[in-house]
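# Per-entry structural report
Now for the letters of each chain:
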Amino acid sequence: MGTALLDGFLRKPNLPRGAALQLAACVRSKGSVERLQQHLGDRADRVELGHGDDAVRLTERAHMILLGCRPQDLGSMLSTANLPQTFAGKTVVSMLAGLSCQQISGEIASKGGPDDATVVRVMPSIGAMYNSSVSLIAGPNSDAQEVAEEIFAQVGTTLPVSEDLLNKGTAVGAVGHALALHAVDAMTDASVAEGVPRDIAASLAQQYLRSASSCMENGLTPEQLKAALSTPKGITLNAAVQLEKGGARIAIIDATRGAIQYAESM
Ligand SMILES: NC(=O)c1ccc[n+]([C@@H]2O[C@H](COP(=O)([O-])OP(=O)(O)OC[C@H]3O[C@@H](n4cnc5c(N)ncnc54)[C@H](OP(=O)(O)O)[C@@H]3O)[C@@H](O)[C@H]2O)c1
């Protein structure tokens, strides 16, 4: 996810007020620095990269610190000597799934950092790499939350939510991605089976999903969209009936409820 965010930030390096984003990124291993350098190519000189203990030097100079390790690695990451102390007076933004602001600030304090670290949670989506993330943002401190919103607006849309909705929202996002990739994959295979060349089939599937979703994003409800497409004996409504017959609706309901319940139990 960190790599996706770097891709997005590098494409839009200026904040609305004209300030330039200065980026630094720290990973655990030297091998991952090399992988990142290779991924960034010509852009690597626009990000200060480090690994392991370099985190102390990089976070000392930062205004905002974005935590992007796996939740189970937070303790070992904060055990880097003198690292938590550099968090004093800074906004800490966490994208660690399932860990509350309180748990993260408690962990920072227990490892020698400030007792009152300002923690905001952000849950970006993989679309950040193309500046089309949906970033859910939650936190107790509105100033810090505003800064996080301004920064994550560079990689897509931001949606402030209360912290108790963050896990549920993340789960809905996961199902949305699973559904989109499943739909494009299945529509592509089926179209190829019926004689459409594969590259055209894949492009049609992606673009029509985006077209329908943009109608709803602009205010059409699913019912209105269905009514607009429902010519008697029309192809669209027949396809909707086939999907219903195949159990698509109940499968989506089960997947969404299951994902939310799983996210809530993390
Ligand atoms: N993937 C998604 O779509 C997504 C979406 C929203 C939020 N998230 C959240 O993002 C976080 C990361 O997920 P991911 O999928 O990006 O995992 P990932 O690919 O495993 O990346 C985790 C990164 O953390 C680094 N790291 C681990 N321990 C470290 C330490 N002690 N010091 C410095 N760096 C350290 C790792 O470095 P090395 O490579 O050197 O080990 C790695 O680059 C998770 O908390 C997840 O909940 C993910």
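Provided above is the structure to which this section pertains.
All values derive from a computational prediction rather than experimental measurement.

On to the sheet that holds strand E7 (residues 156–160). The strand order E3-E4-E5-E6-E7 describes an open sheet built from five strands, whose pairing is mixed. Each edge of the open sheet is held by one strand with a lone partner, namely strand E3 (64–67) and E7. Neighbour to neighbour, the strand axes of the sheet diverge by 25 degrees on average, direction disregarded. Across three bridges, strand E5 (residues 118–123) lies against strand E6 (residues 133–138) in antiparallel orientation. Paired with Arg121 across the bridge in E6 is Ala138. With respect to the sheet, helix H5 (residues 101–110) is in contact with strand E4 (91–94) and E5, its orientation differing from that of E5 by roughly 130 degrees. Sheet strands in contact with helix H6 (residues 142–152) are E3, E4, E5, E6 and E7, and its direction is about 35 degrees off that of E5.

Time to look at the packing of helix H7 (residues 163–193) against helix H11 (residues 248–264). Where H7 meets H11, the axes come as close as 8 Å, and the angle between the chain directions of the two elements is 140 degrees. If you check the angle between H7 and H11, you find them oblique. Pair H7 / H11 crosses with right-handed handedness. Facing H7, whose interface residues are Asn167, Lys168, Thr170, Ala171, Val172, Ala174, Val175, Ala178 and Leu179, H11 presents Ile252, Ala255, Thr256, Ala259, Ile260, Tyr262, Ala263 and Glu264. For the contact of H7 with H11, the per-class residue count stands at 12 nonpolar, three polar and two charged.

Further remarks concern the site of the ligand. In the neighbourhood of the ligand, 21 residues make up the surrounding shell, with Met1, Arg28, Ser32, Met77 and Ala97 lying closest. Contributions of two or more residues to the shell around the ligand are made by strand E1 (23–27) and helix H4 (74–78). Here the residues of the shell around the ligand are counted per class, giving 13 nonpolar, five polar and three charged.

Each value, and the rule that gives it
- Residues numbered from 1 in each chain as written.
- Predicted model: local features only at pLDDT ≥ 70, side-chain atom pairs only at ≥ 80, totals over all residues.
- Pairing = 2+ DSSP bridges.
- Helix = DSSP H or I, 4+ residues; strand = E, 2+ residues; numbered from the N terminus.
- Axes fitted to C-alpha atoms, helices over the stretch in contact; angles between N-to-C directions.
- Contact = placed C-beta atoms within 7 Å.
- Parallel < 35°, antiparallel > 145°, perpendicular 65-115°, else oblique.
- Left-handed = near helix turned anticlockwise from the far one by under 90°.
- Nonpolar A, V, L, I, M, F, W, Y, C, P; charged D, E, K, R; others polar.
- Near = placed C-beta within 6 Å.

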